[in-house]
Amino acid sequence: MEYESVLLIKPEVFIYKIPPRASNRGYRAADWNLGEPTWTGRMRLVAKGIVCHLKLEDKTSGALFANCPIDTYPGVAIEAVSDSSRYFVIRVQDDNGRSAFLGLGFGDRSDSFDLNVALQDHFKWVKNQEQIEKEKTQPKQELDLGFKEGETIKINMRITKKDGSEGVSRTAKAKTSGGILPPPPGNLGKIAPPPANAASSTRQSPGTSPAHKPTGNSTGTEWTDYASAGNNSGQNPTPPQQNTNATANANWVQF
């Protein structure tokens, strides 16, 4: 047994007699006599299963004035007009199957908006129910999650120590320490001190060798040039030959 659920109630709506549609451009509320509605009463939008009905009832007694079965929205059963958002054209039917088109109007735009939302939600629910019933009759396609021939899987595992810190693999340690050379062992990095004999050795004059080191009483040939130079210090040296270019440049000083 299916129960009837109420989707929307509006305490006051207006019903108008409308002229036949002149063309396929749609209905216009401006063509109606909006100041003098044919009937005023209450509207109830109810659903019984997947079937939806818009019922026009008396405000006081609740007597049914007209019934509009709606099988889809938007559709022929209820259609919005082209010049206003507050008016619709509904198709009402009696028990004998006879139908007529009437104009439906609301005093506020929020009421017409509520009717739109209620109809859209209902038929969205109907579509979901049909999809569920379709899935029950059709077998579901099972997913094959097994490995194909030649396929492999790679897992990166992060190992955590007992104290909560993350461990480092041996490969990572080898990569980290591979480019750094270890420090030299022992005293390989220290500079050896100079030998003790080098500090006590005497400096030699240029041009002499340890084999010909002069002594205090020596009269060797190494000092003959210095002696002859000393003996000739009192004599007048032979004047050097004058340069022929000296007369051309007076700034040169002759030695």
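Structure's up top.
Everything numeric here is computed off the predicted structure, so don't read it as measured data.

Caption draft 1: Representation of the overall build of the chain within the structure. Within the chain one finds four helices and seven strands. Reading the chain from its N terminus to its C terminus gives the helix and strand order β-β-β-β-β-β-β-α-α-α-α. Looking at the chain as a whole, 21% of its 255 residues qualify as buried. For the chain, contacts bridging at least 24 residues in sequence account for 52% of all contacts bridging at least 6. A total of about 21,000 Å² of accessible surface is found on the chain, and carbon and sulfur atoms cover 53% of it.

Caption draft 2: Geometry of the packing of aromatic side chains. One pass over the structure, following the stated rule, counts five aromatic pairs. Counting every residue linked through ring pairs, the aromatic cluster contains Tyr16, Trp32 and Tyr87.

Caption draft 3: Focus on the pattern of salt bridges. In total, this model carries seven salt bridges according to the counting rule given. Between lysine 59 and glutamate 12 there is a salt bridge; the shortest N-O distance is 3.2 Å. Highlighted residues: lysine 59 in the loop between strand E3 (51–57) and strand E4 (64–70) and glutamate 12 in strand E1 (residues 4–17), separated in sequence by 47 residues. Between arginine 98 and aspartate 94 there is a salt bridge whose closest N-O contact spans 2.8 Å. You can call arginine 98 exposed: its relative accessible area is 59%. Each of the salt bridges in this network shares a partner with another, and the network as a whole consists of Lys10, Asp111 and Asp114.

Caption draft 4: Expanded view of the pairing of strand E7 (residues 99–105). Direction of pairing for E1 relative to E7: antiparallel, over a ladder of four bridges. Along E7, the bridge assignment pairs lysine 17 with leucine 102. Two strands pair when backbone bridges link them, and strand E6 (residues 87–93) and E7 are joined in this way by seven bridges, in the antiparallel orientation. Its bridge partner lying in E7, valine 89 is registered against glycine 103. Following E6, the chain reverses through five residues before pairing antiparallel with E7; glycine 97 in that reversal takes a positive phi of roughly 95°.

The rules behind each value
- Residues numbered from 1 in each chain as written.
- Predicted model: local features only at pLDDT ≥ 70, side-chain atom pairs only at ≥ 80, totals over all residues.
- Heavy atoms only, no water.
- Helix = DSSP H or I, 4+ residues; strand = E, 2+ residues; numbered from the N terminus.
- Buried < 20%, exposed > 50% of the residue type's maximum accessible area, 1.4 Å probe, protein only.
- Contact = heavy atoms within 4.5 Å.
- Areas by Shrake-Rupley, 256 points an atom, 1.4 Å probe, with all protein chains shown as cover.
- Phe/Tyr/Trp six-rings, centres within 6.5 Å; stacked < 30°, edge-to-face > 60°.
- Salt bridge = Lys/Arg side-chain N within 4 Å of Asp/Glu carboxyl O.
- Pairing = 2+ DSSP bridges.

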